[in-house]
Amino acid sequence: TGHLVSRMTNDLMDIGEIAHHGPEDLFIALMTLGGAFGIMLSINWKLAVLTFIIVPLMIYLSLYFSRKMNAAFHRMFSDIADYNARIENNVSGIRVVQAFSNEAHEMDRFAENNGRFRKTKLIAYRIMAWNSSISFILMKLVSLFVLVCGTWFVIKGQMSYGEFIAFVMLSNVFLAPIKQINSVIETYPKGIAGFRRYLDLLESESDVEDLPGAKTVKHLNGDIQFEGVTFGYENKDKVLRKVDLAIHAGETVALVGPSGAGKTTLCSLLPRFYDVEEGSIKIDGMDIREMKLDSLRSMIGIVQQDVFLFDGTIRENIAYGKLDASEDEIWDAARRAQIEVLVRSYP
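Residues numbered from 1 in each chain as written. Predicted model: local features only at pLDDT ≥ 70, side-chain atom pairs only at ≥ 80, totals over all residues. Heavy atoms only, no water.

Visitor: In this structure, what is going on with the side chain of Asn44? I would like to understand it.
Guide: Here Asn44 lies in the loop between α1 (2-43) and α2 (45-52). Setting aside residues no more than four positions away along its own chain, Asn44 makes contact with Phe153, Gln158, Met159 and Phe167. (Helix = DSSP H or I, 4+ residues; strand = E, 2+ residues; numbered from the N terminus. Contact = heavy atoms within 4.5 Å.)

Visitor: Would you mind showing me how to read the packing of aromatic side chains here?
Guide: Any aromatic ring pair is given by two values, namely how distant the centres are and how the planes are angled relative to each other. Tallied over the entire structure, the rule returns six aromatic pairs. An angle of 45° between the planes, with centres 5.6 Å apart, marks the rings of Tyr83 and Phe110 as tilted. In this pair, Tyr83 is assigned in helix α3 (residues 54-92) and Phe110 in helix α5 (residues 103-155), connecting sequence segments 27 residues apart. Between Phe231 and Tyr233 the ring centres are 5.0 Å apart and the planes differ by 80°, which places this aromatic pair in the edge-to-face class. Taking relative accessible area as the criterion, Phe231 reaches 4% and is therefore assigned buried. Tyr233 gets classed as partly exposed once you look at its relative accessible area, which sits at 30%. Taken together through their ring pairs, the aromatic side chains of Tyr83, Phe110 and Phe117 make up a single cluster. Just above the ring of Trp331 sits the side chain of Arg344; from NZ or CZ to the centre is 4.0 Å. (Phe/Tyr/Trp six-rings, centres within 6.5 Å; stacked < 30°, edge-to-face > 60°. Buried < 20%, exposed > 50% of the residue type's maximum accessible area, 1.4 Å probe, protein only. Lys NZ or Arg CZ within 6 Å of the ring centre and 35° of its normal.)

Visitor: How should the pairing of strand β1 (residues 224-231) be read in this particular structure?
Guide: A regular strand places its side chains so that they alternate between the two faces of the sheet. Extensive coverage of β1 is indicated by the burial of six of its eight residues. The pairing of β1 with strand β2 (residues 240-247) spans five bridges and is classified as antiparallel. Across the sheet, the residue bridging to Phe226 is Leu245, located in β2. In this sheet, strand β3 (residues 278-283) lies alongside β1 in antiparallel orientation, the contact comprising five bridges. By the bridge assignment for β3, Gln225 is matched with Lys282. (Pairing = 2+ DSSP bridges.)

In short, the description is geometric, and any link to function would need to be established separately.
Shown next as C-alpha cells:
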C-alpha cells in the first residue's frame with residue numbers, strides 16, 4: 001500500500017513539475033540565450049565566440065551530473081515508498097503493536113527505514129550541490145574572462161568603452177538562461193525517475209481479466225460446481241489439489257479446517273479474485289470464466305474476515321454493495337445486519 005500511495009503522490013507530483021515547468025523554462029532560456037548571443041555577435045564577434053566556448057562544457061557537466069542524479073533519485077523514490085509502507089503498517093496495525101508492547105521494536109524498524117531514506121537523500125543533494133557549485137564557479141569565470149578580454153580589446157582599439165559596457169551587461173543576460181537550463185536539467189532526473197516508476201504501475205497487467213466473448217449474466221440460481229480444481233499462489237506449492245465439490249442452491253455449507261488448509265482460497269476462487277490453474281468452477285452449469293467479472297461479482301455477497309470501512313457515512317458503507325440502493329433497501333440491510341438500533345442511536 002505504501003509503495004502504491006507513493007507512486008500515486010510523490011512520483012506524480014515530480015512528473016507534474018517537470019511537465020509544467022520544464023518546456024516553459026527551456027523555451028524562455030533558449031530564446032534569451034539566442035537573443036543575447038546574437039546582439040553580442042553584432043558588437044564584437046570575436047569576444048562573443050570566445051565567451052560561447054564555455055557553454056558546451058557547462059552543458060556536458062550538467063548532463064554528467066544529471067545521469068548521476070537520475071540513479072540517486074530512482075533509489076530515493078524507492079526508499080520513500082519503503083518509508084511510506086512502514087508508516088502505513090504502523091498506523092494500520094497500531095492496536096496489534098500496542099497489544100504486544102512492541103512500540104520500541106517498531107520505532108527501531110522505522111529508524112532503519114528513515115535512516116536509509118535520509119542517506120539516499122543526502123547523496124542526491126550532494127550531487128546537486130557539486131553541480132550547482134561547479135556551474136556557479138564557471139559562470140563567474142566567464143564574467144571574469146569577459147572583463148579581461150574586453151579590456152584587452154578596448155586597449156587595442158577594437159571596441160569602444162560603450163560597446164564594452166554593453167557587452168559586459170549582455171554577458172550577464174547571456175549567462176542567466178544557462179543557470180535556468182541547468183535548473184531544468186536538475187529537475188529532469190526527478191521527473192523521469194518518477195515517470196518510469198509510474199509507467200511500471202500503468203503497464204502492470206491484471207492477473208484476472210474478462211475473456212474474449214465473456215457474457216453478462218442477469219440472474220443465477222446458485223448451483224455451484226467445483227470440478228478438479230487445482231490452485232497455488234504465484235505458481236508456488238499447491239494450496240488446493242483436484243477439489244470436487246457440489247453446492248446446491250439454497251444449501252448452507254461450512255468449510256472447517258486449520259489455518260492454511262485452503263478455506264479462504266476456495267471462497268476467493270468463486271468470485272475470481274484468482275483464476276484456477278486446473279479444472280473449472282461452474283454456476284448453474286456455466287463456467288465462471290465465461291461470465292463478465294462485474295456481473296459475476298454483483299451476484300455474490302461477501303462478508304470478509306477483516307471488516308473494512310471506507311471514510312464516509314454509515315449509509316455509504318451499507319450501500320457500497322449496491323450503489324443505487326433506495327433508503328428502504330439500506331434500512332432493510334441494516335436490520336438484517338442487526339445494526340439498526342445502533343444506527344438510530346447516533347445523532
